[in-house]
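Structure at a glance
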Amino acid sequence: MKKKEAIRRLDARRNGAAGPRPPKALRMVVAALILRTDENGCEEVLICQRKADQPMALKWEFPGGKIEAGEGPEEALHRELNEELGIFAEIGPPLTRIRHNYRNGGAVDLQFFIVRSFTGALENRIFRQILWSGFGALPEYDFLAADLGLIRDLADGKLKVSD
Ligand SMILES: Nc1nc2c([nH]c(=O)n2[C@@H]2O[C@H](COP(=O)(O)OP(=O)(O)OP(=O)(O)O)[C@@H](O)[C@H]2O)c(=O)[nH]1
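Residues numbered from 1 in each chain as written. Predicted model: local features only at pLDDT ≥ 70, side-chain atom pairs only at ≥ 80, totals over all residues. Heavy atoms only, no water.

The name given to the chain in an unreviewed UniProt entry is 8-oxo-dGTP diphosphatase, with the source organism recorded as Terriglobus roseus. According to UniProt, the comment filed for the chain under the heading Sequence similarities (unreviewed entry) is "Belongs to the Nudix hydrolase family." (UniProt positions renumbered as here; feature names shortened; annotations may be inferred.)

Have a look at this one:
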């Protein structure tokens with residue numbers, strides 16, 4: 001390859017026109033499995049659908065969000081649940097932790113916690129919709145890719161949320 005051609009290709013790569021994208025920062029995220037028992041004694045979990053104008057539009061997820069600088073995971077989740085749902089949640093035990101690399105180069109580290117009790121009236125402040133689902137029905141919803149293993153395990157009863 002001629003020297004000029006090699007330099008042109010290198011410039012194109014630096015400008016993002018070719019070659020792999022540089023890795024994005026790892027996002028540290030917390031999310032909640034907010035649980036309730038229905039009238040038949042079956043456990044349900046609150047799930048949330050992202051709006052059409054958000055990234056990863058219309059996908060389903062568990063409420064939560066990014067941990068801010070100086071926050072602990074439980075503190076961050078308490079804040080997020082208040083911002084998103086208007087509740088004051090008692091953050092229970094951690095359930096699982098997932099590391100996932102999204103295809104756009106973004107990576108997330110997700111910590112899931114159980115929430116069994118909260119005060120305040122549950123109110124949808126940011127989502128397209130929120131609803132209570134039984135564990136068996138979770139795979140019917142189009143969840144974010146990072147959550148799919150967890151959804152399968154919950155639906156199959158492999159991951160127990162009971163005390
Ligand atoms: N809350 C929540 N976030 C999840 C789940 N699964 C999952 O991959 N995530 C990812 O974790 C990040 C949560 O951060 P966020 O809610 O504060 O951020 P966001 O989508 O508003 O995006 P942005 O603030 O980066 O623009 C998102 O990138 C989201 O796609 C989940 O079950 N719940």
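There is more to say, and it comes next.
**A word on the overall build of the chain**
In terms of helices and strands, the chain carries three helices and seven strands. Counting across all 163 residues of the chain, residues that qualify as buried make up 36%. Put simply, 65% of the contacts in the chain that link residues at least 6 apart link residues at least 24 apart. Within the structure as shown, the chain displays about 9,900 Å² of accessible surface, and the carbon and sulfur contribution to it stands at 51%. (Helix = DSSP H or I, 4+ residues; strand = E, 2+ residues; numbered from the N terminus. Buried < 20%, exposed > 50% of the residue type's maximum accessible area, 1.4 Å probe, protein only. Contact = heavy atoms within 4.5 Å. Areas by Shrake-Rupley, 256 points an atom, 1.4 Å probe, with all protein chains shown as cover.)

**A few points about the packing of aromatic side chains**
Here the structure, examined in full by the defined rule, presents three aromatic pairs. Pairing Phe62 with Phe112 gives two aromatic rings, centres 5.9 Å apart and planes at 90°, and the pair type is edge-to-face. Taken together, the residues Phe62 in the loop between β3 (60-61) and β4 (64-66) and Phe112 in strand β6 (residues 107-119) connect sequence positions 50 residues apart. Of the two residues, Phe62 and Phe112, both sit in the buried class. Measuring from centroid to centroid gives 5.2 Å for Phe62 and Phe143, while their planes differ by 35°, and the two rings are tilted. Separated by 81 residues along the polypeptide, Phe62 in the loop between β3 and β4 and Phe143 in the loop between β7 (129-134) and α3 (148-155) bring together distant segments of the chain. (Phe/Tyr/Trp six-rings, centres within 6.5 Å; stacked < 30°, edge-to-face > 60°.)

**Observations regarding the pattern of salt bridges**
Tallied over the entire structure, the rule returns twelve salt bridges. One salt bridge in this structure joins Glu123 and Arg125, with 3.5 Å as the shortest N-O distance. A residue is classified by how much of its surface remains accessible, and Glu123, at 39% relative accessible area, is partly exposed. One network of salt bridges, with partners in common, ties together Glu68, Glu71, Arg79, Glu80 and Glu83. (Salt bridge = Lys/Arg side-chain N within 4 Å of Asp/Glu carboxyl O.)

**Brief notes about the site of the ligand**
Within the structure, the ligand sits among 17 residues, and Arg27, Phe62, Lys66, Tyr102 and Asp147 are positioned closest to it. Arg27 places a side-chain nitrogen or oxygen 2.5 Å from an oxygen atom of the ligand. Contact with the protein chains covers 78% of the free accessible surface of the ligand, which is 620 Å². (Near = heavy atom within 4 Å. Polar contact = N/O pair within 3.5 Å; in protein donor to acceptor, adjacent residues only side chain to side chain.)

**Looking at unusual backbone geometry**
The backbone phi angle of Met56 is positive, close to 55°, even though this residue is not glycine. The residue Met56 is located in the loop between β2 (43-49) and β3 in this model.

**Re the pairing of β2**
With six of seven residues buried, β2 lies mostly within the body of the structure. With antiparallel pairing between neighbouring strands as the criterion, strand β1 (residues 26-37) and β2 make up a hairpin whose turn holds five residues, including Gly41 at a positive phi of roughly 85°. For β2 and β3, the ladder comprises two bridges, and the chain directions are antiparallel. Note that in β3 the partner of Cys48 across the bridge is Glu61. (Pairing = 2+ DSSP bridges.)

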